[in-house]
Amino acid sequence: MADYKLLIGGKLVDGDMTMDVINPATGETFAVVPRASVRQADAAIAAAKAAQPAWGGLGFAERSAKLNELADAIVARRDEFARILTQEQGKPLPEALGEVAWTEGFLRHYATLDLPDRVIQDDAAGYIAVKHRPLGVVVGIIAWNFPLLVACWKIGPAVLAGNAIVLKPAPTTPVTALLLGELCREIFPAGIVNILTDANDLGPHLTAHPDVAKIGFTGSTATGKRIAASGADTLKRITLELGGNDPAIILDDVDVKETAAAIFGNAFLNCGQVCLAIKRAYVHADIYDTMCAELARLAEEAIVGDGLEQGTQIGPIQNAAQFEKVKGFLDAARAEGSIVAGGKALERAGYFIAPTIVRDVTDGAKIVDEEQFGPILPLVKFDNVEDVIARANASEYGLGGSVWSKDVQRASEIASRIESGQVWVNQHIAIGPHIPMAGFKQSGLGVEQSVEGLAEYTQVQVINVKR
């Protein structure tokens with residue numbers, strides 16, 4: 001149990017309290033970390049506010065160099081980060097190493113971005129330029145499914161745009177963020193990056209604080225709504241990347257075995273705990289039985305276990321509360337459909353659910369209409385394309401979706417009618433730092449990633465000169 005610290009104003013400090021971190025593969029404490037108080041949250045915001053003007057006065061080139069330094073520092077401690085990710089989050093070690101690699105890639109891409117002044121008039125009558133100015137203090141609040149990657153999704157664009165940030169990781173996965181804080185202390189000026197941990201009690205204070213200009217949040221839709229309400233009094237800028245109930249529409253001309261493998265991988269990545277994972281699959285009636293059988297085979301053959309054990313393909317649910325929620329979805333699946341693989345919690349220490357395939361289920365069922373955020377995939381039969389488009393769109397969510405077919409043009413036409421921020425053809429979760437990420441409906445507000453996401457961390461200002 002290492003001696004982890006908060007990062008406040010360039011100093012690594014103890015919390016006013018402590019809290020245990022549970023390894024979800026064992027159900028036992030593997031680290032004790034500091035827990036910040038309201039006093040310390042205020043100190044972090046004050047430090048960020050004091051440090052931001054000088055940082056914001058630097059150019060993009062100077063700030064981007066620091067992001068590359070952070071990427072270098074993460075790579076140098078890659079194995080340490082990956083092992084901690086597996087212990088606190090549960091994902092298999094190869095997936096944890098993948099998260100570290102993705103984090104490096106995102107940071108390095110952010111470092112290539114810029115928001116130069118855009119001149120829209122320059123003539124005898126006058127000069128008009130559009131500038132992007134930093135907002136000030138940003139609060140980043142992140143979920144527990146990708147603790148390192150999502151932390152840097154907030155830190156990267158926030159500081160590149162000239163802001164200072166106070167980052168709050170999820171209370172069940174704080175260790176990665178605290179380790180990240182050790183690196184940030186050596187790279188950024190004091191106060192530019194601050195990292196606090198809590199027991200889910202500091203969020204309302206941070207999001208309502210008058211000195212906070214922007215909130216960047218990744219997590220559930222319910223929490224996103226509370227954050228939007230909390231920031232309303234001061235009209236804070238808000239970016240929300242929220243839940244999803246991503247549909248996959250599988251047409252009758254696919255190669256069943258090949259497509260089933262792709263569907264399985266994109267539904268059960270990180271034990272299904274991915275906002276953009278496939279959450280419901282609509283399968284054409286002509287291939288429904290064979291697709292159900294192939295997915296059931298893959299689920300039964302998947303190796304479930306501690307992510308530190310070689311060969312593990314699917315780890316545990318990340319925390320006890322989510323474990324209980326997913327078990328409730330299993331109960332619903334038994335009542336609403338036919339379970340053809342999995343369907344149970346495993347009788348061992350930790351929070352393990354057998355990867356589950358549910359067939360003979362349809363819209364209106366809890367397992368289809370709600371986001372399960374766990375290793376359960378319902379398969380819904382369809383035989384009419386117009387009908388399945390309407391069914392896929394009949395959701396309060398609109399984060400992602402995909403269409404699968406050998407006829408790419410036909411699939412692309414269907415994809416263009418899906419009401420989601422990201423719609424893929426013959427792939428899923430195909431994201432990148434250069435690709436805007438946005439959600440329709442209750443899946444979010446604003447944009448993350450890409451130059452469009454960077455712009456969300458700035459205030460547009462027009463300079464208009466009369467000649």
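Attention here is on the structure that accompanies the text. All residue numbers here refer to positions counted from 1 along the written sequence of the relevant chain. A pLDDT threshold of at least 70 governs which residues receive local features in this predicted model, and a stricter bar of 80 or more applies before side-chain atom pairs are shown or counted, although totals over entire chains, interfaces and linings include all residues. Excluded from the side-chain calculations are hydrogens and water; all other atoms, namely the structure's heavy atoms, are used.

Attention shifts here to the overall build of the chain. Numbered from the N terminus, helices here are DSSP runs of H or I no shorter than four residues, and strands are runs of E no shorter than two. Within the chain, the regular secondary structure consists of 15 helices and 24 strands. Here the globule rule reads 2.2 Å times residues to the power 0.38, and the radius of gyration is calculated from C-alpha atoms. For the chain, whose C-alpha radius of gyration is 23 Å, the value lies close to the compact-globule estimate of 23 Å for 467 residues. In terms of overall dimensions, the chain has a C-alpha envelope of 70 × 60 × 40 Å along the principal axes. Only protein chains enter the accessibility calculation, which uses a 1.4 Å probe; a residue is then buried when its area is under 20% of its type maximum, exposed when over 50%, and partly exposed in between. Taking all 467 residues of the chain together, the buried fraction comes to 57%. A separation of at least 24 residues holds for 73% of the contacts in the chain among residues at least 6 apart in sequence. Here the open area of atoms and residues is found with the Shrake-Rupley method and a 1.4 Å probe, where only the protein chains shown may cover a residue. Counting every atom, the chain has about 17800 Å² of accessible surface; 52% of that belongs to carbon and sulfur. Here Asp and Glu are counted as negative and Lys and Arg as positive; His is not counted, and neither are the chain ends. Here the site of a charge means atom NZ of a Lys, CZ of an Arg, CG of an Asp or CD of a Glu. Within the chain, the 57 negative side-chain charges are centred at a point lying 5 Å from the centre of the 42 positive side-chain charges. In what follows, residue pairs with any heavy atoms lying within 4.5 Å of each other are defined as contacts.

Our focus in this paragraph is the packing of aromatic side chains. Pairing of aromatic rings covers Phe, Tyr and Trp, the last counted by its six-membered ring, and requires centre-to-centre distances within 6.5 Å; plane angles under 30 degrees mean stacked, over 60 mean edge-to-face, and any other angle means tilted. Going through the model one piece at a time under the given rule, you end up with seven aromatic pairs. The interplanar angle of 75° and the centroid separation of 5.5 Å between the aromatic rings of Trp 144 and Phe 373 together place this pair among those described as edge-to-face. Here the residue Trp 144 occupies a position in the loop between strand E7 (137-141) and helix H5 (147-160), and Phe 373 occupies one in the loop between helix H12 (366-369) and strand E16 (376-382), the gap between them amounting to 229 residues. Residue Trp 144 shares its accessibility class with Phe 373, and that shared class is buried. A network of ring pairs unites the aromatic residues Trp 102, Phe 106, Tyr 110 and Trp 153 as a single cluster. One cation-aromatic arrangement involves Arg 348 over Phe 352; the distance from NZ or CZ to the ring centre is 4.9 Å. Here, over-ring charges are defined by two tests on the NZ atom of lysine or the CZ atom of arginine: distance to the ring centre within 6 Å, and angle to the ring normal within 35 degrees.

Here the nonpolar core consists of buried residues drawn from Ala, Val, Leu, Ile, Met, Phe, Trp, Tyr and Cys, with membership extended through side-chain atoms lying within 4.5 Å. In terms of nonpolar packing, the biggest core is built from 87 residues, with Leu 70, Ile 74, Val 159, Leu 180, Phe 188 and Val 193 touching the most fellow members. Of the residues forming this core, the biggest block, ten residues, is contributed by H5. Setting aside anything within four residues of it in sequence, one finds Ile 74 in contact with Phe 81, Val 100, Thr 103, Leu 107, Leu 148, Cys 152, Leu 180 and Leu 183. In this structure, Val 254, Tyr 282, Ala 354 and Ala 392 belong to the second largest nonpolar core, which totals 60 residues.

This part covers the pattern of salt bridges. The salt bridge definition used is simple: a Lys or Arg side-chain nitrogen within 4 Å of an Asp or Glu carboxyl oxygen. Counted according to the given criterion, the structure contains 29 salt bridges. Residue Lys 49 is joined to Asp 211 by a salt bridge in which the shortest nitrogen-to-oxygen separation is 3.2 Å. Taken together, the residues span a long stretch of sequence, with Lys 49 in helix H1 (residues 38-56) and Asp 211 in the loop between helix H7 (203-208) and strand E10 (214-218) at a distance of 162 residues. Its relative accessible area of 47% is what places Lys 49 among the partly exposed residues. The partly exposed category is assigned to Asp 211, whose relative accessible area is 31%. Ionic pairing is found between Glu 370 and Lys 366, a salt bridge with its closest N-O pair at 3.2 Å. Taking relative accessible area as the criterion, Glu 370 reaches 37% and is therefore assigned partly exposed.

Here we take up the side chain of Asn 163. Within the element layout of this structure, Asn 163 appears in the loop between H5 and strand E8 (164-168). Classification of Asn 163 as buried rests on a relative accessible area of 0%. Looking at Asn 163, its side chain comes within polar contact range of the main-chain oxygen of Tyr 457, at 2.9 Å. The contacts of Asn 163, once residues within four sequence positions are left out, are Gln 52, Trp 55, Pro 134, Leu 135, Gly 136, Val 138, Ala 158, Ile 192 and Tyr 457. Two N or O atoms count as a polar contact when they lie within 3.5 Å, although within protein this holds only if one can serve as hydrogen donor and the other as acceptor, and sequence-adjacent residues are included solely when both atoms are side-chain atoms.

Taken in spatial order, the seven strands line up as E14-E15-E16-E13-E12-E18-E19 in an open sheet, and their pairing is mixed. Of all strands in the sheet, those bounded by a partner on one side alone are strand E14 (338-341) and strand E19 (422-425). In this sheet, neighbouring strand axes are inclined to one another by 25° on average, regardless of whether the strands run parallel or antiparallel. Sheet topology places strand E18 (residues 400-404) next to E19; four bridges connect them, and they run parallel. Across the sheet, residue Val 403 finds its bridge partner in E19, namely Val 425. A pair of strands counts as paired when DSSP detects no fewer than two bridges linking them. Lines fitted to the C-alpha atoms define the axes, with helices restricted to the stretch that makes contact. Angles between their N-to-C directions range from 0 to 180 degrees.

All right, on to the sheet that holds strand E5 (residues 118-122) then. Across the sheet, three strands lie side by side as E5-E6-E24; this open sheet has antiparallel pairing. The strands lining the two open edges of the sheet, one partner per strand, are E5 and strand E24 (458-466). With direction set aside, neighbouring strand axes in the sheet form an average angle of 20°. Inspection of the sheet shows E5 paired to strand E6 (residues 126-134) by four bridges, in the antiparallel sense. Along E6, the bridge assignment pairs Gln 121 with Ile 128.

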